[in-house]
Amino acid sequence: MSPTRRPPSDPKAAQHPLGAAWAKTEGTCGSCAWSTLRGPGPKVLRCVAADYRPVLAEWRGCASHEAELDCLDCAACCGPAFDAVEVSQRDPVRKRLPQLLVRISGRLQVPRTTENHCAALDRSDNRCRVYADRPACCRDFTRGSANCIWARRRVGRSPRWTPTPKER
Ligand code: SF4
Ligand code: SF4
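Scoring rules and cut-offs
- Residues numbered from 1 in each chain as written.
- Chains lettered and ligands numbered in written order.
- Predicted model: local features only at pLDDT ≥ 70, side-chain atom pairs only at ≥ 80, totals over all residues.
- Core = buried A, V, L, I, M, F, W, Y, C linked by C-beta atoms within 7 Å.
- Buried ≥ 20, exposed ≤ 12 C-beta atoms within 10 Å, placed from the backbone.
- Helix = DSSP H or I, 4+ residues; strand = E, 2+ residues; numbered from the N terminus.
- Domains from an automatic or database assignment.
- Near = placed C-beta within 6 Å.
- Nonpolar A, V, L, I, M, F, W, Y, C, P; charged D, E, K, R; others polar.

Engineer: Can you lay out the nonpolar core for me, pointing to particular residues and giving the numbers?
Structural biologist: What tends to happen in soluble globular proteins is that the nonpolar side chains get buried as a cluster. Judged by nonpolar contacts, the single largest core of 28 residues is most densely connected at Leu 18, Trp 34, Cys 47, Ala 49, Cys 77 and Cys 118. No other element matches helix H3 (residues 146-154), which puts three residues into this core. When we break this core down by domain, the ones giving at least three residues each are domain 1 (3-54) and domain 2 (71-154).

Here it is, written out as structure tokens:
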């Protein structure tokens, strides 16, 4: 269904139009960090948290609404959400920063700290010390992307989508 033909969300309705509970705080889909303009076809507002289902900007937010994402307060994708930062054969970081890398089980990686963070992450401010030369797999994690919410959910920073009984 086209999002323009969806009814506007009624605050008195039991659920958000996508079937989740309402947000406890103020906010709309349009102000949510997980809404993004995407195709296929003409770009429409879609929700990353709900598998890119179309939303309307004026809809009141659901329980997964997040006003903004602060990478410097998060670092989930550089930290314990994953166990390794692997470096591919063609990754320029192999030549630029060979001293940074270690070989684990035959694969080139950035080492981990004892807390399972990437060793290139400065934990005092959560900034990457080699940001300009970071490996290609790190560049796949952009704020507000599907990879971002995957990482955040793995460490409990973002709620998982809770389907209604009808959706199950
Ligand atoms: S997470 Fe909820 S509030 Fe945010 S865009 Fe998706 S449906 Fe809207
Ligand atoms: S990209 Fe997402 S998961 Fe990574 S630090 Fe930023 S907000 Fe956290």
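Engineer: I'd like a rundown of the site of ligand 2, residues and numbers included.
Structural biologist: In the vicinity of ligand 2, the contacting residues are Leu 69, Cys 71, Cys 74, Ala 75, Ala 76, Cys 77, Phe 141, Arg 143, Cys 148, Ala 151 and Arg 152. Across the shell around ligand 2, the residue classes tally to nine nonpolar, no polar and two charged.

Engineer: How would you summarise the site of ligand 1 if you had to cite specific residues and measurements?
Structural biologist: Around ligand 1 sit 14 residues in total, of which Cys 29, Cys 32, Cys 47, Gly 61 and Cys 62 are the nearest. Of the residues that constitute the shell around ligand 1, the class distribution is nine nonpolar, five polar and no charged.

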